[in-house]
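# Results of the structural survey
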Amino acid sequence: MHNQTRRMVTTALLIAMICTATMVVKIPSPTQGYVNLGDCMVLLSGWLLGPLYGTGAGGVGTALADLLSGYPHYVPGGLLIKGLMALICALAARGGGTFLRRALSGLTAECVMILGYFGYSSLILGKGLAAAASIPGNLFQGAAGLAAGLALYEALAKSRSIEHLRKAGLCV
């Protein structure tokens with residue numbers, strides 16, 4: 001199979017994983033909401049797939065989860081914000097980078113998520129400053145997503161899965 005086709009199939013798989021991790025894995029948080037593992041997969045898509053495919057997977061997987069979960073008003077925001085998160089990870093930690101580069105790229109991406117959803121809710125959804133109420137939950141979501149994403153990447157690296165994916169042309 002051609003590398004381009006393999007990369008597209010891997011991207012589709014990550015879209016499905018992002019959607020599933022967002023919709024199915026719900027962990028109660030101390031901020032009266034819940035945390036999902038979608039951010040973990042969004043960060044991983046940037047680190048593994050690079051800027052083009054990672055951005056696509058991050059944005060489309062999240063938008064699909066928003067649509068299927070009954071939150072169509074968040075589809076445009078999720079597409080843009082989570083796509084941007086994956087793009088930041090891909091550019092700041094090219095080819096996975098070192099642990100420190102991944103951690104800093106993920107931290108930057110999660111800050112973009114927090115500010116992005118605040119801006120989207122306040123300006124586009126018309127909530128104004130009341131949108132600030134979502135910041136604590138998004139902080140917790142970002143921290144959990146970053147920790148899980150780093151742990152998952154390290155586990156994949158130790159198992160040599162990432163090396164095998166690279167040799168097969170499935171990731172950068």
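Predicted model only: the values in this text are computed from it and were never measured.

Each value, and the rule that gives it
- Residues numbered from 1 in each chain as written.
- Predicted model: local features only at pLDDT ≥ 70, side-chain atom pairs only at ≥ 80, totals over all residues.
- Heavy atoms only, no water.
- Helix = DSSP H or I, 4+ residues; strand = E, 2+ residues; numbered from the N terminus.
- Rg over C-alpha atoms; globule rule 2.2 N^0.38 Å.
- Contact = heavy atoms within 4.5 Å.
- Areas by Shrake-Rupley, 256 points an atom, 1.4 Å probe, with all protein chains shown as cover.
- Lys, Arg positive; Asp, Glu negative; His and termini not counted.
- Charge placed at Lys NZ, Arg CZ, Asp CG, Glu CD.
- Expected span 1.5 Å × (residues − 1).
- Bend = angle between axes of the 7 residues up to and from the residue.
- Buried < 20%, exposed > 50% of the residue type's maximum accessible area, 1.4 Å probe, protein only.
- 1 Å grid on protein atoms, 1.4 Å probe; cavity = no way out; pocket = protein on both sides within 12 Å on 5 of 7 lines; lining within 4 Å.
- Points joined across faces, edges and corners; volume = space filled by probe spheres on them.
- Nonpolar A, V, L, I, M, F, W, Y, C, P; charged D, E, K, R; others polar.
- Core = buried A, V, L, I, M, F, W, Y, C linked by side-chain atoms within 4.5 Å.
- Phe/Tyr/Trp six-rings, centres within 6.5 Å; stacked < 30°, edge-to-face > 60°.

Before going further, it helps to examine the overall build of the protein. Along the backbone of the protein there are six helices and two strands. The linear arrangement of helices and strands in the protein, starting from the amino end, is α-β-β-α-α-α-α-α. In terms of overall dimensions, the protein is globule-like: its C-alpha atoms have a radius of gyration of 15 Å, near the 16 Å expected for 172 residues. Each of the three principal axes of the protein carries a C-alpha extent, and together these read 50 × 30 × 25 Å. Intrachain contacts of the protein at a sequence separation of at least 6 include 69% that bridge at least 24 residues. Working note: accessible area of the protein is about 8400 Å², and carbon and sulfur atoms make up 72% of it. One finds the centroid of the 12 positive side-chain charges in the protein at a distance of 7 Å from the centroid of its 5 negative side-chain charges.

So, about helix α2 (residues 38-68). Given a rise of 1.5 Å per residue, 31 residues ought to cover 45 Å, yet the end C-alpha atoms of α2 are separated by just 14 Å, more than 12% below that figure. The axis of α2 is deflected most strongly, by about 145°, at glycine 50, and proline proline 51 appears within four residues downstream. Among the 31 residues of α2, 23 are classified as buried, and the element is accordingly described as predominantly covered. Two residues or fewer past α2, glycine 70 is found with a positive phi of approximately 90°.

With respect to the helices and strands, the residue arginine 166 is situated in helix α6 (residues 161-167). Taking the C-alpha atoms as reference points, arginine 166 and cysteine 111, 55 residues apart in sequence, are found 29 Å from one another.

Within the secondary structure, aspartate 39 sits in helix α2. Aspartate 39 sits in the buried class, given a relative accessible area of 0%. Beyond its immediate sequence surroundings of up to four residues, aspartate 39 is in contact with Lys82, Met85, Glu110, Met113, Gln141, Gly142 and Gly145.

Turning to the layout of surface pockets, a few remarks are in order. Approximately 170 Å³ is the volume found for the second largest pocket. Every residue lining the second largest pocket is counted, twelve residues in all, and those nearest its centre are Leu13, Leu14, Met17, Leu48 and Leu165. Elements with a minimum of two residues in the lining of the second largest pocket: α1 (3-23), α2 and α5 (135-158). For the lining of the second largest pocket, the element with the highest residue contribution is α1, accounting for four residues. Taken together, the residues of the lining of the second largest pocket sort by class into eleven nonpolar, one polar and no charged.

We now examine the nonpolar core. With 32 residues, the main nonpolar core has Leu43 and Trp47 as its most contacted residues. Those elements giving two or more residues to this core turn out to be α1, α2, α3 (75-92), α4 (99-124) and α5. A per-element tally of this core places α2 first, with ten residues.

For the structure shown, the criterion picks out three aromatic pairs. Aromatic side chains tryptophan 47 and tyrosine 153 sit 5.9 Å apart centroid to centroid with 80° between the ring planes, which places their arrangement in the edge-to-face category. Separated by 106 residues along the polypeptide, tryptophan 47 in helix α2 and tyrosine 153 in helix α5 bring together distant segments of the chain. Neither residue differs from the other here; tryptophan 47 and tyrosine 153 are each classed as buried. Both rings, one in tyrosine 74 and one in tyrosine 120, keep their centres 6.1 Å apart while their planes meet at 40°; by these two values the pair is tilted.

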